[in-house]
Amino acid sequence: MQDEVNEKTVVLVINTGKKGLHLTASMLRAAIRKYLQHLEKQKQIAEKNAERLPEGRQTMKDLMRHNARLTNIEVTDRNIRDFEKTARKYNIDFALKKDKAAEKPRYLVFFKARDVDVMTAAFKEYSARTVLKQKKPSVMKKLYLYRQKVNQRQREKTRERDRGQER
């Protein structure tokens, strides 16, 4: 078995060009050197592809492949997309897990423990943005109120017109 593993045959084809031109030792050495450079390049490409780990939002399985300790934060708000934007801005690798056991669905955001400081900053920004959104009145409410005012003015005008016709 060991002999089979150690033995490997490589076929190297060298085109010498013109007829009558013979293969020299320097030509053979240059061809082998090129072949070894090619093998090294292929090895580097394979290592690069193997090292690529997903970034940003990912599954728990992918996050665990980073070989880092994980911590989590509970998010009860259903507005997860805003959090994702903030996490992308801070370049945080995270995984979302929905906890269905609770009566109100809640989300757990898992991230690498070494990103705690970055995660804290991102979460503060996310929370501040959420508070600002809640304080800011919605456009639909404003439209509804303006529509009510317009309708009320129209009613008053028709009443005044009706009173003027009665006199």
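Residues numbered from 1 in each chain as written. Predicted model: local features only at pLDDT ≥ 70, side-chain atom pairs only at ≥ 80, totals over all residues. Heavy atoms only, no water.

Caption draft 1: Up close: the environment of Ala 113. Tracing the backbone shows Ala 113 in the loop between β3 (106-112) and α5 (116-135). The spatial distance from the C-alpha of Ala 113 to the C-alpha of Asn 72 is 8.5 Å, given a sequence separation of 41 residues. Apart from the residues lying within four places of it in its own chain, the contact partners of Ala 113 are Arg 69, Leu 70 and Thr 71. (Helix = DSSP H or I, 4+ residues; strand = E, 2+ residues; numbered from the N terminus. Contact = heavy atoms within 4.5 Å.)

Caption draft 2: Structural context of a nonpolar patch on the surface. Side chains of Leu 12, Leu 23, Leu 28, Ile 32, Leu 36 and Leu 39 sit close together on the surface and give an oily, nonpolar patch of about 490 Å² of accessible area. Checked against the element boundaries, Leu 12 lands in the loop between α1 (2-6) and α2 (25-51). For Leu 12, a relative accessible area of 36% puts it in the partly exposed group. (Patch = residues over 30% accessible without salt bridge, like charges linked within 9 Å, V, L, I, M, F, W, Y side chains within 5 Å. Areas by Shrake-Rupley, 256 points an atom, 1.4 Å probe, with all protein chains shown as cover. Salt bridge = Lys/Arg side-chain N within 4 Å of Asp/Glu carboxyl O. Buried < 20%, exposed > 50% of the residue type's maximum accessible area, 1.4 Å probe, protein only.)

Caption draft 3: Structural view of the nonpolar core. In terms of nonpolar packing, the biggest core is built from 13 residues, with Val 75, Phe 83, Ile 92, Phe 94, Val 109 and Met 119 touching the most fellow members. For this core, the secondary-structure elements that each account for two or more residues are α4 (80-89), β2 (94-99), β3 and α5. Beyond its immediate stretch of four places on either side in the chain, Phe 94 contacts Gly 56, Arg 57, Gln 58, Leu 63, Phe 83, Glu 84, Ala 87, Val 109, Phe 110 and Phe 111. By size, the runner-up hydrophobic cluster in this structure holds five residues, among which are Met 60, Leu 63, Leu 108 and Phe 110. (Core = buried A, V, L, I, M, F, W, Y, C linked by side-chain atoms within 4.5 Å.)

Caption draft 4: Local environment of unusual backbone geometry. Residue Asn 91 is not a glycine yet carries a positive backbone phi of 55°. Tracing the backbone through its elements, the reader meets Asn 91 in the loop between α4 and β2. For Asn 91, a relative accessible area of 58% gives the class exposed.

Caption draft 5: Representation of the pattern of salt bridges within the structure. Considering all chains together, one arrives at four salt bridges under this definition. The salt bridge partner of Glu 84 is Arg 57, with a shortest N-O separation of 2.6 Å. Of this pair, Glu 84 sits in helix α4 while Arg 57 sits in the loop between α2 and α3 (60-64), and the two are 27 residues apart along the sequence. Take Glu 84: its relative accessible area is 14%, and that puts it in the buried class. Lys 112 is paired through a salt bridge with Asp 93; the nearest N and O atoms lie 3.0 Å apart.

Caption draft 6: Up close: the sheet that holds β3. Read across the open sheet, the three strands follow the order β1-β3-β2; overall the sheet is antiparallel. With one partner strand each, in any of the chains shown, β1 (70-75) and β2 form the two edges of the open sheet. This sheet shows a mean twist of 25° between the axes of neighbouring strands, independent of strand direction. Relative to β3, β2 runs antiparallel, the two sharing six bridges. Residue Asp 99 lies in a different strand from β3, and its bridge partner there is Arg 106. Here α4 sits on the sheet and contacts β1, β2 and β3; the angle it forms with β2, its principal contact strand, is near 165°. Of the strands in this sheet, β1 and β3 are in contact with α5, which crosses β1 at around 10°. (Pairing = 2+ DSSP bridges. Axes fitted to C-alpha atoms, helices over the stretch in contact; angles between N-to-C directions.)

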